Amino acid sequence: MDELELLAHADARGRCYTEANERRRVFPSDEAIAALAAFDEPLPDHGPPAEDTLALLDEVGSPATTASNGPRYFGFVIGAALPAAAAVERLMLAWDQCASTFDNSPVSATLERVAARWVLDVLDLPGDSAVGFGTSATACTLAALVAARRTLLARQGWDFDRDGLLGAPEIRVVVSELAHITVKKALRVLGFGLNRIIHAPVDVQGRVDAARLPRLDDRTILCLQAGEVNTGAFDPFAGIIPLARESGAWVHVDGAFGLWARASSLAHLTQGIELADSWTTDAHKWLNTPYDCAMTICRDAQTLAEAMNSDAVYSSASAYAQKNLTLEFSRRPRGIPVWAALRSLGRDGIAELVERHCAQARRIGDGLARAGFNVLNQVVLNQVLFRCKTDAQTLAVCAAVQASGEAWFGGTLWQERPAMRISVSSWRTRDEDVQALVDLLTALHSGIAKD
Ligand SMILES: *Cc1c(COP(=O)(O)O)cnc(C)c1O
């Protein structure tokens, strides 16, 4: 089979998979998982024809996928893939561009520049900010925190790049008590030390309590969040950020999914967020691009460009080339699916996507309350947090949904007790999928959690 035939086969298999999206079990069956043992073969001495590998992947692999690209996956905040974004990725595979610099790939550099401009426009953030398209919110937060620490140290007269951290003035970090684990990971990896992190207390919805905010100064990085993973709540940016910046602190906002509220009629939830120094957001969550796709956005473009600079004698480029704004050197042009998603949705399509998911989440919240569940959050965004009367019932309902194959969402701990969290973030989720979820949970409540 020649290359073109092979690609046609791959595409045909991809089309079949997509066509079956609606009928697929949302979590694979035990049999499909057991069949994965077929992959446990020794490395072949002689490679078989490529079509053989493709067939094995599809026949054994496809049935063992989670249908996170389908309409009834409500776990984490995993968005599906928009057709426009998925389609351009297919063409990008044929291009196989290394999108480090303009000289490596003029088309990639151009499109990522346009995507960056559109992201700042639709998120209503300062237009001359730098946008680095990285692999994940984790990596993008890490890049932002490097820029933050380096800048605060420079203001103290310390050259972090040359002299490192030994003997440097101490930089404090203040983070929400409910900061995402990946923010803590980034801080830990950067050597801040988990025991040295100062936690800002939160209120019952998981928002940083402005009245109990720890002391801030010009040696402090403050990390706030837009969209707490359980409740979807937003920190009170307008009440905190101006004071923080007055003290000389650097303010970073983790807006992995919640930042997209800014592109909709829910923008008021993020009021004041535009005053921060840096922001992280994902495209592979709520914008529904394929993985891996996220952004570091930095108000002072130069600080990010200096922190991430990787110019070499054999590879120099514009200070603002993507390789100088992200952790990666060789990289795929992951801003292109962002460009495609934004262009195909348009301003009103993005707003509609966000607003529809929030309305669907409210409908789920109302339905679950009617069914007798205890809804724990104000459903302000696309997240619904709920539980049953007893912990045993909560765990049983969650396990029953996951085993049903009809829908999937995950469990969590909220205020030290088990709870369930539903997230609506797939463009494919229709109102009938939401109704089916409520019906499933209503039936389970009568069966498992009645009293
Ligand atoms: C998912 C998430 C992250 C981590 O994002 P990745 O892209 O998975 O690294 C960080 N913060 C919040 C609030 C998230 O929801």
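Residues numbered from 1 in each chain as written. Predicted model: local features only at pLDDT ≥ 70, side-chain atom pairs only at ≥ 80, totals over all residues. Heavy atoms only, no water.

Caption draft 1: Highlighting the overall build of the protein chain. For the protein chain, the helix and strand inventory stands at 13 helices and eleven strands. Computed over C-alpha atoms, the radius of gyration of the protein chain comes to 23 Å, within 12% of the 22 Å expected from 2.2 N^0.38 for 451 residues, which places it in the range of a compact globule. Dimensions of the protein chain, computed from the C-alpha atoms along their principal axes, are close to 65 × 60 × 45 Å. Of the roughly 19900 Å² of accessible surface on the protein chain, a fraction of 55% belongs to carbon and sulfur atoms. (Helix = DSSP H or I, 4+ residues; strand = E, 2+ residues; numbered from the N terminus. Rg over C-alpha atoms; globule rule 2.2 N^0.38 Å. Areas by Shrake-Rupley, 256 points an atom, 1.4 Å probe, with all protein chains shown as cover.)

Caption draft 2: How the structure looks around the side chain of His357. The residue His357 is located in helix α11 (residues 335–371) in this model. A polar side-chain atom of His357 sits 2.8 Å from the main-chain carbonyl oxygen of Ser426. For His357, the residues in contact, after removing those within four places along its chain, are Trp286, Asn382, Val424, Ser425, Ser426 and Trp427. (Polar contact = N/O pair within 3.5 Å; in protein donor to acceptor, adjacent residues only side chain to side chain. Contact = heavy atoms within 4.5 Å.)

Caption draft 3: The arrangement of the domain arrangement of the protein chain in detail. Along its sequence, the protein chain is organised into domain 1 (87–341) and domain 2 (348–450). Computed from C-alpha coordinates alone, the two centres of domain 1 and domain 2 are separated by 30 Å. At the junction of the two partners, domain 1 supplies 25 residues and domain 2 supplies 23 residues. Buried surface at the junction of domain 1 and domain 2, summed over both partners, amounts to about 1900 Å²; 62% is from carbon and sulfur atoms. Ranking the residues of domain 1 by area buried against domain 2 places Asn230, Trp286 and Asn288 at the top, with a combined share of 35%. For the interface between domain 1 and domain 2, the tally reads nine residue pairs in polar contact (both at pLDDT 80 or more). Within the side of domain 1 that touches domain 2, the residues separate by chemical class into 13 nonpolar, nine polar and three charged. (Domains from an automatic or database assignment. Buried area = accessible area lost by both parts, 1.4 Å probe. Nonpolar A, V, L, I, M, F, W, Y, C, P; charged D, E, K, R; others polar.)

Caption draft 4: Main features of the environment of Leu54. The topology assignment puts Leu54 in helix α3 (residues 50–61). When the C-alpha positions of Leu54 and Ala305 are compared, they lie 41 Å apart, and in sequence the two are 251 residues distant. Ignoring anything within four residues of it in the chain, the contact list for Leu54 reads Leu6, His9, Ala10 and Arg13.

Caption draft 5: Quick look at the site of the ligand. Taken together, 13 residues are adjacent to the ligand, and Ala137, Thr138, Asp254, Asp282 and Lys285 come closest. Per-class residue counts for the shell around the ligand are four nonpolar, six polar and three charged. (Near = heavy atom within 4 Å.)

Caption draft 6: Highlighting the nonpolar core. By size, the foremost hydrophobic cluster in this structure holds 52 residues, and its most contacted members are Leu224, Val253, Trp260, Met295, Ile297 and Val338. Put simply, the parts of the chain that give this core at least two residues each are α5 (106–122), β1 (130–134), β4 (220–225), α9 (237–246), β5 (250–254), β7 (294–298) and α11. A total of eight residues in this core trace back to one element, the largest contributor, which is α11. Lining this core are residues from two domains, each supplying at least three of them: domain 1 (87–341) and domain 2 (348–450). If we skip the residues at most four places from it in the chain, Leu224 touches Val208, Asp235, Phe237, Ile240, Ile241, Val251, His252, Val253 and Asp254. Membership of the second largest hydrophobic core comes to 31 residues, among which are Leu145, Ile171, Trp250 and Leu325. (Core = buried A, V, L, I, M, F, W, Y, C linked by side-chain atoms within 4.5 Å. Buried < 20%, exposed > 50% of the residue type's maximum accessible area, 1.4 Å probe, protein only.)

Caption draft 7: Here's a closer look at helix α4 (residues 83–95). Helix length check: α4, at 13 residues, gives a terminal C-alpha distance of 19 Å against a target of 18 Å (1.5 Å per residue), a fit within 8%. All of the buried residues along α4 are Ala85, Val88, Glu89 and Met92. For α4, the buried positions fall inside an angular range of 110° around the axis, keeping them on one side. Exposed positions of α4 whose direction lies more than 90 degrees from the buried face are Leu93 and Ala94. In this structure, the buried residues of α4 make contact with α11. (Expected span 1.5 Å × (residues − 1). Arc of directions from axis to C-beta.)

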